[in-house]
Amino acid sequence: MKKLTSILLGIALVATLLTGCGSSGGASNSDAPKKVGVSMPTKDLQRWNQDGDNMEKELKAAGFEVELQYANNDPQTQLSQIETMISNGCSVLVIAAVEGNSLGEALDMAKAANVPVIAYDRLIMNSDAVSYYATFDNYKVGVVQGTYVKDTLNLDSAAGPFNIEFTAGDPGDNNAGYFFNGAYEVLKPYIESGKLVVVSGQSTFEEVATPQWKSETAQNRAENILSSFYADGTNVDVWLCSNDSTALGVETALATNYNGTYPIITGQDCDKENTKNMIAGKQSMSVFKDTRTLASQVVKMVGQILKGETVDVNDTSTYDNGVKVVPSFLCEPVFADANNYKTILIDSGYYTEDDLK
Ligand code: BGC
């Protein structure tokens, strides 16, 4: 009897080793915990540190092991980090791509090893190895920014004209076009009617994009625009910035290169520096994307994938990555400004009062 039991145990062990996994994810079952690889783009921006921390915390709480890496905004570094995660036996990969198009080889490897991939926040392009996408509704982020400008200037009834400039994001990030288009579509009728005037004349995504979302790049471009088009005392009424890192660059440029009436400035992420600037009147709003919500959703999806359950998605038509429409879960963005930040950011526990001093 004892001998039979040990033979059966032996067979079970070999079967587990051969399949590389037990029945399903997490430590809730008796099998060894599954490992999840989390690949974040950079530590340079506050939000990705929060995303990484939240993911790690929530995955561990759900019973998973975590391999978390930051790629220093370098596609090649990210590619090799992901390959290492696969070799180290990760069962699922969660990837916020530095560049949507540069992960081909790592994704091929994931596919060959049967490792599902969740694109986190940014869609991974041109690969059928992407199983799911979880993000905030990127187009809506832009719509929220554009609508804020429209409502604040009261564009339907005010006489205008108002001067506007645009600063968008990284052309390598699939989100950036959605943000810009969402905002532009709201404002386009007013640009066409002449109520909004783009004084620099730069209004296509290509003209206003900011490679790698760098504050310094946004600052340099803003300084050039201010000295070329606003040095004669012309006011800029709105600077539509797609996110907080680019807004910071524009705010720095305005501080030393502009004497006119301070413009409405939009942003995204509610980074601490930008929230402080909102309180100080140097930035008008920022779209709040609660990284805790996104992390919880992704952890839920990881569990569902590993348990073979139906994965929670709420959009199966928008995000075509060039090869397939990736089933997506879109979280809702909201805006924060100097009036509501206490409720949205402090009462919710996202920041403490001290964080914003
Ligand atoms: C994210 C934004 C972020 C930007 C720069 C985008 O993909 O959705 O929240 O501000 O990247 O890191």
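Data block above holds the structure.
Residues numbered from 1 in each chain as written. Predicted model: local features only at pLDDT ≥ 70, side-chain atom pairs only at ≥ 80, totals over all residues. Heavy atoms only, no water.

(A) Highlighting helix α8 (residues 215–230). Of all the positions in α8, only S215, A218, R221, A222, I225, L226 and Y230 are classed as buried. One side of α8 holds all its buried residues, which, seen down the axis, span an arc of 140°. With respect to the buried face of α8, the exposed residues turned more than 90 degrees away are N224 and S228. Here the buried face of α8 lies against β6 (162–167), α7 (205–208), β8 (238–241) and α9 (244–257). (Buried < 20%, exposed > 50% of the residue type's maximum accessible area, 1.4 Å probe, protein only. Helix = DSSP H or I, 4+ residues; strand = E, 2+ residues; numbered from the N terminus. Arc of directions from axis to C-beta. Contact = heavy atoms within 4.5 Å.)

(B) How the structure looks around the sheet that holds strand β2 (residues 65–70). Here six strands make up an open sheet; going across it, the order is β2-β1-β3-β4-β5-β11 and the pairing parallel. Of all strands in the sheet, those with a lone pairing partner are β2 and β11 (328–331), marking the two edges. With strand direction ignored, the average angle separating the axes of adjacent strands in the sheet is 15°. Where strand β3 (residues 92–95) and strand β4 (residues 117–120) come together, three bridges link them in parallel fashion. Paired with I95 across the bridge in β4 is A119. (Pairing = 2+ DSSP bridges. Axes fitted to C-alpha atoms, helices over the stretch in contact; angles between N-to-C directions.)

(C) Molecular detail of the packing of aromatic side chains. Enumeration according to the criterion identifies ten aromatic pairs in this entry. Note on F166 and F180: the rings are 5.7 Å apart at their centroids and 75° apart in plane angle, and the pair reads as edge-to-face. Of this pair, F166 sits in strand β6 while F180 sits in helix α6 (residues 174–193), placing them 14 residues apart in sequence. On the basis of relative accessibility, which here comes to 5%, the residue F180 falls in the buried class. Each ring, one from F180 and one from F205, has its centre 5.9 Å from the other, and the planes form 55°; the classification is tilted. Here F180 is found in helix α6, whereas its partner F205 is found in helix α7, with 25 residues between them in sequence. Each of the two residues, F180 as well as F205, counts as buried. Over the ring of Y70 we find K43, and its NZ or CZ is 4.5 Å from the ring centre. (Phe/Tyr/Trp six-rings, centres within 6.5 Å; stacked < 30°, edge-to-face > 60°. Lys NZ or Arg CZ within 6 Å of the ring centre and 35° of its normal.)

(D) Representation of the state of the cysteines in the model. Taken as a whole and assessed by the stated rule, the structure comprises zero disulfides. Left without a disulfide partner, C331 is nearest to the cysteine sulfur of C270, which lies 15 Å away. (Disulfide = S-S within 2.5 Å.)

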